[in-house]
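Here is how the chains run, residue by residue.
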Amino acid sequence: MEVSRKAKGALLRLAGQFPVVGITGPRQSGKTTLAKMTFPDREYVSFDDKNLRTLAASNPKDFLEAFPDGVIIDEAQKVPEIFDAVKLFVDSKKYEPGKYILTGSSQFKLKENMTDSLAGRAAFLQLLPFSLGELKDSKLLMQNPYDLIFKGFYPPLYDSEKHFIPDDWFESYIDTYLDFDVKEHITATNISTFKKFIQICALYSGQLLSMESISKNIGVSAPTIKQWLSILESSFIIHFLEPDLNNLGRSIVKTPKLYFTDTGLLCHLLRINSKEELLLSPYKGAVVETFAVAELLKSRYNIGRKPELSFFRDSKGFEVDTIADWKHTYAIEIKSSSDTEQKLSANTRKYVSLREDTQCKGTVFYLGDITCTINGIQYVSWHDWDSLI
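Residues numbered from 1 in each chain as written. Predicted model: local features only at pLDDT ≥ 70, side-chain atom pairs only at ≥ 80, totals over all residues. Heavy atoms only, no water.

Colleague: Just to check I follow, could you spell out the pairing of strand E3 (residues 71–74) for this structure?
Modeller: Successive side chains on a regular strand alternate, one facing one side of the sheet and the next facing the other. On E3, burial covers both faces: Val71 and Ile73 on one face and Ile72 and Asp74 on the other are all buried. Examined bridge by bridge, strand E2 (residues 43–46) and E3 share four bridges and lie parallel to one another. Each residue of the ladder has a partner; that of Ser46, found in E3, is Asp74. One ladder, built from three bridges, connects E3 with strand E4 (residues 100–103); its direction is parallel. When the sheet's bridge partners are listed, Val71 is paired in E4 with Tyr100. Each parallel crossover has a hand, and for E3 linked through helix H5 (residues 81–92) to E4 it is right-handed. (Buried < 20%, exposed > 50% of the residue type's maximum accessible area, 1.4 Å probe, protein only. Helix = DSSP H or I, 4+ residues; strand = E, 2+ residues; numbered from the N terminus. Pairing = 2+ DSSP bridges. Right-handed = clockwise from strand over helix to strand, strands pointing away.)

Colleague: How should I be thinking about the packing of aromatic side chains in this particular structure?
Modeller: Any aromatic ring pair is given by two values, namely how distant the centres are and how the planes are angled relative to each other. Within the structure shown, the criterion is met by 18 aromatic pairs. Where Tyr154 meets Tyr173, the ring centres are 4.9 Å apart and the plane angle is 55 degrees; that geometry is what we call tilted. A residue pair is termed long-range when its members are at least 10 positions apart, and Tyr154 in the loop between helix H8 (145–151) and helix H9 (166–182) and Tyr173 in helix H9 qualify at 19 residues. For Tyr173, a relative accessible area of 6% corresponds to the buried category. Following the ring pairs from residue to residue traces out a cluster consisting of Phe153, Phe291, Phe365 and Trp385. Across the ring face of Tyr44, the terminal group of Lys36 is positioned such that the distance to the ring centre comes to 4.0 Å. The aromatic ring of Phe89 is capped on one face by Lys93, whose charged end is 5.0 Å from the ring centroid. (Phe/Tyr/Trp six-rings, centres within 6.5 Å; stacked < 30°, edge-to-face > 60°. Lys NZ or Arg CZ within 6 Å of the ring centre and 35° of its normal.)

Colleague: Just to check I follow, could you spell out the sheet that holds strand E7 (residues 238–243) for this structure?
Modeller: The strands making up a sheet associate through backbone hydrogen bonding, with each pair oriented either parallel or antiparallel. Read across the sheet, nine strands follow the order E6-E8-E7-E9-E10-E11-E12-E14-E13 without closing on themselves; strand pairing throughout is mixed. Since the sheet does not close on itself, it has two edges, and those belong to strand E6 (207–208) and strand E13 (372–374), each with one partner.

Printed below as a string of structure tokens:
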């Protein structure tokens, strides 16, 4: 069953303005499928094809001449010469928005080449794996949130023609990621250490980042850890939430919080092997929080907007899990409880009262089935979480 992607509207919007649109995101998030689905009549080429690659590299100008009505180029980063040729065509011919749609599995090279060659001519759309709303609309949403959280959201795991076991698929995914995305950015002798580094990072999902602690755990210097975190972030494996700058006259922490962008991958790295193990895991709360934050990221990326997410924590330990600064400000507490207990909203209520801002709304994400408002605080069920935006 083909899943309709929420990002289609944003892709059409950007392609209606910019001559080049790059679709970025983690491996296997559905970038090529989105491009083809959005522009079904557009010519498509993939530079995975060695012959096409050789042809395009030897004479990129003539190659583009073969597609006067535009083209979707997959794995564009494999032919760096194509970017300067695209720039030449964009600058020398009639302005045609959406003429070139570029995708690729290597985020580093694709974004670097597009940024260097196509500045001012290109827009980027970030695409993460399936969202809660996309699965719901496609009748693929599981009834139990822990089944969903454990499986994760990568499209191949929902392909009815394939029968991947998540644990096996994620192991292969990590190996591919290390071989094709990471290997050229670090020394070969560090590959096994980098794999251990990813597993250590999983322990910090939903927590304040501690580079010093990670450094001690794997015996690698803090500057190297900083570089490696940048690699994970650039390839959309993790995301950082920065502290909320509205300090309300309080001393606040300045350290970001780390989140994985997919809970299935996170569970695999935490060696959680089933929904039942997840329910009993000491990491259950952090995994649920990761799920809620990742869905907020998707909801923003899918409309082509920056996340505008932060968190609040002062020096005395008072914390609000997530602050969403959108049309309204949402002060969000994320709970793995399935009951609408008053105590779940205590920090949210306190933050809203401190803000004295009528545009600041208190919200609690929880694993119950009913979305409701109690004493001014909105309790949002996990399966309605996509409707927050």
